[in-house]
2 protein chains.
Amino acid sequence: MAESLAINGIDDSPRGRLLSAAAHLFRDKGFDRTTVRDIAASVGIQSGSIFHHFKSKEDILFAVMEEVIQFNTDRLRRAIAAEVSPKGQLRALIRAELQSIVGDTAEAMTVLVTEWRCLGEDRQRKALELRAIYEQLWLDALNALHTQGAFRDDPFIVRRLLTGMTGWAPNWFDRDGSLTLDDLADIILARVVGEHDR
Amino acid sequence: MAESLAINGIDDSPRGRLLSAAAHLFRDKGFDRTTVRDIAASVGIQSGSIFHHFKSKEDILFAVMEEVIQFNTDRLRRAIAAEVSPKGQLRALIRAELQSIVGDTAEAMTVLVTEWRCLGEDRQRKALELRAIYEQLWLDALNALHTQGAFRDDPFIVRRLLTGMTGWAPNWFDRDGSLTLDDLADIILARVVGEHDR
DNA sequence: AGCTACCAAGCAAGCGCTTGGTTTGTAAAG
DNA sequence: CTTTACAAACCAAGCGCTTGCTTGGTAGCT
């Protein structure tokens, strides 16, 4: 268990411990099937005490999502900054996203993808705005590659296909298996820039 | 609205109308946030009357899933039978799956993908068995292509990437847009057999 | 007569959340 | 070094509401 968010030091405050426990439970059972009593029990307090830290159950969900988006947007930025060539940047982006999705922030990311409609309208919009920033980083890199002729198809569509491939990975990828994360990143990369044989 | 299942004639019985309405609501709000009162209201009966047709709310969900898996497994079989070359079969499979996922059975398929953990253990297993049959059809076709050298990577992994790409499509594909379903199928096909440029 | 389809009413359980009060850690005031 | 003050963290109890589902009976078609 544990790990969940892996944002440095977040687990040390009561609020952080609640967020981690909630992310874990939300992924396992879904937001609706997780009760505030479940969350409370898994950090060893009474259910009512939760509302000293969060105004509502939905607040917890939103906090999980907000933290994980911010954290992983920063990770994308670092990935891009560490590379110079567009192709190198794309590989770094794919690696970073896989790391988010099946690696250290896996639980919170899964929650982000599967439980977003449990948010009210306002917060769905806020989450969407944060996601738009994240997506723009991808589109910039893909557009650069596209202009230099690395692939033919519409960058928007390519990004959607990439989202699908990485987003499905938690359902099958085995972190202890023989296929490493970087191996998978290269396989996915080849679906874009086309270095695989035929 | 409507369409939902599109299994011939299923909408004509009270049970069929309930299944269609349920599939629609389950996709919109999720299983847990859909009440039996919602379902009843959308076909114009009282909530208690539902239990004349189904033993439980979960029964409705399972019925939706079972029908849509069976229906689309048959569709895959027809797609394969209509083609002779392995590559033609793969293209037909991709088209068929896209048709399932963003076409006529879109609502029920989305429910199948997103709400399977709302089932009890027994039924999750049953659903998994049905899915295994479906997946075997894919693996047979991919293995055939692989042995004849059409692509290099592990067919299992390729299938997973394909699942991701098609499964994500409902989140962005616009059936009224300029990109047709067959266009998209060809774009996805090229990620496997590698006919795109570089 | 009997079956399918339904209604009207409501029950028991579980839910998110509130309330009023108690403990605990910390740090300035005496 | 002790006392006082205070806020953060938590408990015990339970309220009001919604939920899935049950029950006993009725309408209508064959």
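See the structure shown above.
Structure report, in brief. All values derive from a computational prediction rather than experimental measurement. (Residues numbered from 1 in each chain as written. Chains lettered and ligands numbered in written order. Predicted model: local features only at pLDDT ≥ 70, side-chain atom pairs only at ≥ 80, totals over all residues.)

## Looking at the protein's contact with DNA strand C
Near DNA strand C you find 14 residues, and of these Thr35(A), Gly48(A), Ser56(A), Ile45(B) and Gly48(B) are the closest. Its residues assigned to classes, the surface near DNA strand C shows four nonpolar, eight polar and two charged. (Near = placed C-beta within 6 Å. Nonpolar A, V, L, I, M, F, W, Y, C, P; charged D, E, K, R; others polar.)

## Some points on the environment of Trp116(B)
All names here are of chain B. Following the sequence through the fold, Trp116 ends up in the loop between helix H5 (106-114) and helix H6 (121-147). Its 17 C-beta neighbours within 10 Å are what place Trp116 among the partly exposed residues. Linking Trp116 and Ala127, residues 11 residues apart in sequence, is a C-alpha distance of 8.2 Å. Not counting the four nearest positions on each side in its chain, Trp116 is found in contact with Gln124 and Ala127. (Helix = DSSP H or I, 4+ residues; strand = E, 2+ residues; numbered from the N terminus. Buried ≥ 20, exposed ≤ 12 C-beta atoms within 10 Å, placed from the backbone. Contact = placed C-beta atoms within 7 Å.)

## Some words on the interface of chain A and chain B
Taken residue by residue, the interface counts 26 residues in chain A and 26 residues in chain B. If you list the elements that add at least two residues to the side of chain A that touches chain B, you get helix H7 (155-168) and helix H8 (181-193) of chain A. The element best represented in the side of chain A that touches chain B is H7(A), accounting for eight residues. Split by residue class, the side of chain A that touches chain B holds nine nonpolar, seven polar and 10 charged.

## Things to note about the protein's contact with DNA strand D
Taken together, 14 residues sit near DNA strand D, with Ile45(A), Gly48(A), Gly48(B), Ser56(B) and Lys57(B) positioned nearest. Split into classes, the residues belonging to the surface near DNA strand D amount to four nonpolar, eight polar and two charged.

## A few points about the relation of the copies chain A and chain B
Superposing chain A onto chain B takes a rotation of 180 degrees combined with a translation of 0.0 Å along the rotation axis, leaving an RMSD of 0.0 Å. What the rotation and shift describe, once combined, is the action of a two-fold rotation axis. Distance from the rotation axis, computed per C-alpha, reaches its smallest value in chain A at Gly164(A): 2.2 Å. Same-surface contact between copies: 100% of interface residues of chain A are shared with the interface of chain B. (Least-squares fit on C-alpha atoms with pLDDT ≥ 70 in both.)

## A look at the nonpolar core
If you look at the biggest cluster of nonpolar residues, it comprises 96 residues, and the most contacted ones within it are Ala22(A), Val64(A), Leu93(A), Ala22(B), Val64(B) and Leu93(B). Not counting residues within four places of it along the chain, the set of residues in contact with Ala22(A) comprises Ile39(A), Ile60(A) and Val64(A). (Core = buried A, V, L, I, M, F, W, Y, C linked by C-beta atoms within 7 Å.)

## Remarks on the packing of helix H1 (residues 14-29) of chain B against helix H3 (residues 57-81) of chain B
Residues and elements named next belong to chain B. Two numbers describe how H1 lies on H3: the axes approach to 10 Å, and their chain directions differ by 95 degrees. Between H1 and H3, the crossing angle belongs to the class labelled roughly perpendicular. In contact with Leu18, Leu19, Ala22, Ala23 and Phe26 of H1, H3 contributes Ile60, Leu61, Ala63, Val64 and Glu67. Classifying every residue of the contact of H1 with H3 by side-chain character gives nine nonpolar, no polar and one charged. (Axes fitted to C-alpha atoms, helices over the stretch in contact; angles between N-to-C directions. Parallel < 35°, antiparallel > 145°, perpendicular 65-115°, else oblique.)

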